[in-house]
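Structural features, examined
Residues per chain, in single letters:
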Amino acid sequence: MSTKRMAEGLNSPYMVGVHDLMHKPGAMRRFDVDIVAPEALGNGAAEVKAGATLELEARIESVHEGILVTGAVFGEASAECSRCLDSLTMPVDVDFQELFAYSLTEQDEFAVIDEHIDLEQVIRDAVVLSLPFQPVCNADCQGLCVECGLKLAENPHHVHEAAIDSRWNALQNFKEE
């Protein structure tokens, strides 16, 4: 990792120093911090907005292979109901566990770099995967009328005149003459 990139990474709210735990199997430290998300997490129907606060509660343990991080992230996500398009907020409450190896042996592993671990990808993956693909404001949401867009919860008995089957258009024209 370049010196410039490492210096930028040390300023990241997701970076945690682990010098006191390095190569000391059994050593443990609790880590509770509020992280202000520098960018949005998620970009689908639900997301944690940039600037939102995420509460991180973690236990950082030294094991023979590296640093084991077990934690939970709490916060709020903004979303839009996939049925009626109303704005809503939903709680984010997700657990994660990840090993940061002292030496990188596989592509998918995370590593301890210069006595620091970067929790950004771990937290991003946990939060984004916990967000619903199609959020709804409530289970009984009726959505919008497909013809006029009226919110059906405001008028549950909303109906339109039945559409005439196009195969009968010739008879309809005959009737009008």
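Coordinates for the structure precede this section.
Parameters and conventions
- Residues numbered from 1 in each chain as written.
- Predicted model: local features only at pLDDT ≥ 70, side-chain atom pairs only at ≥ 80, totals over all residues.
- Heavy atoms only, no water.
- Helix = DSSP H or I, 4+ residues; strand = E, 2+ residues; numbered from the N terminus.
- Rg over C-alpha atoms; globule rule 2.2 N^0.38 Å.
- Buried < 20%, exposed > 50% of the residue type's maximum accessible area, 1.4 Å probe, protein only.
- Contact = heavy atoms within 4.5 Å.
- Lys, Arg positive; Asp, Glu negative; His and termini not counted.
- Charge placed at Lys NZ, Arg CZ, Asp CG, Glu CD.
- Core = buried A, V, L, I, M, F, W, Y, C linked by side-chain atoms within 4.5 Å.
- Patch = residues over 30% accessible without salt bridge, like charges linked within 9 Å, V, L, I, M, F, W, Y side chains within 5 Å.
- Areas by Shrake-Rupley, 256 points an atom, 1.4 Å probe, with all protein chains shown as cover.
- Salt bridge = Lys/Arg side-chain N within 4 Å of Asp/Glu carboxyl O.
- Polar contact = N/O pair within 3.5 Å; in protein donor to acceptor, adjacent residues only side chain to side chain.
- Disulfide = S-S within 2.5 Å.

The subject of this paragraph is the overall build of the chain. In terms of regular secondary structure, the chain is built from three helices and eight strands. Going from N to C terminus, the chain has its helices and strands arranged as α-β-β-β-β-β-β-β-β-α-α. Computed over C-alpha atoms, the radius of gyration of the chain comes to 26 Å, more than 25% over the 16 Å expected from 2.2 N^0.38 for 177 residues, which places it beyond the range of a compact globule. Summarising its shape, the C-alpha atoms of the chain cover approximately 95 × 30 × 30 Å along the three principal directions. The proportion of buried residues among the 177 residues of the chain is 33%. For the chain, restricting intrachain contacts to residue pairs at least 6 apart in sequence, the fraction spanning at least 24 positions comes to 56%. Both charge centroids of the chain, one from 12 positive and one from 31 negative side chains, sit 1 Å from each other.

Unlike most non-glycine residues, His-23 shows phi in positive territory, near 55°. Mapped onto the fold, His-23 is located in the loop between strand S1 (15-17) and strand S2 (28-36). Residue His-23 is classed as exposed on the basis of its relative accessible area, which comes to 55%. Positive phi is not limited to glycine here, since Leu-85 has a value of about 70°. Tracing the chain through its elements places Leu-85 in the loop between strand S5 (66-80) and strand S6 (87-101).

Leu-56, Ile-67, Val-69, Phe-100, Ile-117, Leu-119 and Ile-123 are the most contacted members of the largest nonpolar core, which has 39 residues in total. Contributions of two or more residues to this core are made by S2, strand S4 (53-63), S5, S6 and helix H2 (120-130). With six residues, S6 is the largest single contributor of residues to this core. When residues no more than four places from it in sequence are discounted, the contact partners of Ile-67 are Val-18, Leu-21, Ile-60, Glu-61, Ser-62, Glu-98, Leu-99, Phe-100, Tyr-102, Val-112 and Ile-117.

This next bit is on a negative patch on the surface. Residues Asp-32, Asp-34, Glu-55 and Glu-57 make up a contiguous surface patch of negative charge. Elements with a contribution of two residues or more to the negative patch: S2 and S4. With respect to the helices and strands, Asp-32 occurs in strand S2.

Once that is clear, we can look at the pattern of salt bridges. The final tally for this structure, using the stated rule, is six salt bridges. Close ionic contact of Arg-124 with Glu-39 constitutes a salt bridge, the shortest N to O distance being 2.7 Å. With a gap of 85 residues between them, Arg-124 in helix H2 and Glu-39 in the loop between S2 and strand S3 (46-47) connect regions that are remote in the sequence. Judged by relative accessible area, Glu-39 falls into the partly exposed class, the value being 42%. Across the pair Arg-59 and Glu-61 runs a salt bridge, and its minimum N-O distance is 3.0 Å. You can call Arg-59 partly exposed: its relative accessible area is 31%.

This part is about the side chain of Glu-47. For Glu-47, the location among the structural elements is in strand S3. Among the polar contacts listed, one links the side chain of Glu-47 to the side chain of Lys-49, at a separation of 3.2 Å. With near-sequence residues (within four places) excluded, Glu-47 lies in contact with Ala-40, Leu-41, Gly-42, Ala-77, Ser-78 and Leu-131.

Attention shifts here to the state of the cysteines. The tally for this structure, following the rule as stated, stands at zero disulfides. In this structure Cys-81 is not part of a disulfide, and its nearest cysteine sulfur, from Cys-84, lies 3.6 Å away. Cys-148 carries a free sulfur, and the closest cysteine sulfur to it, the one in Cys-145, is 3.7 Å from it. Residue Cys-148 is classed as partly exposed on the basis of its relative accessible area, which comes to 43%.

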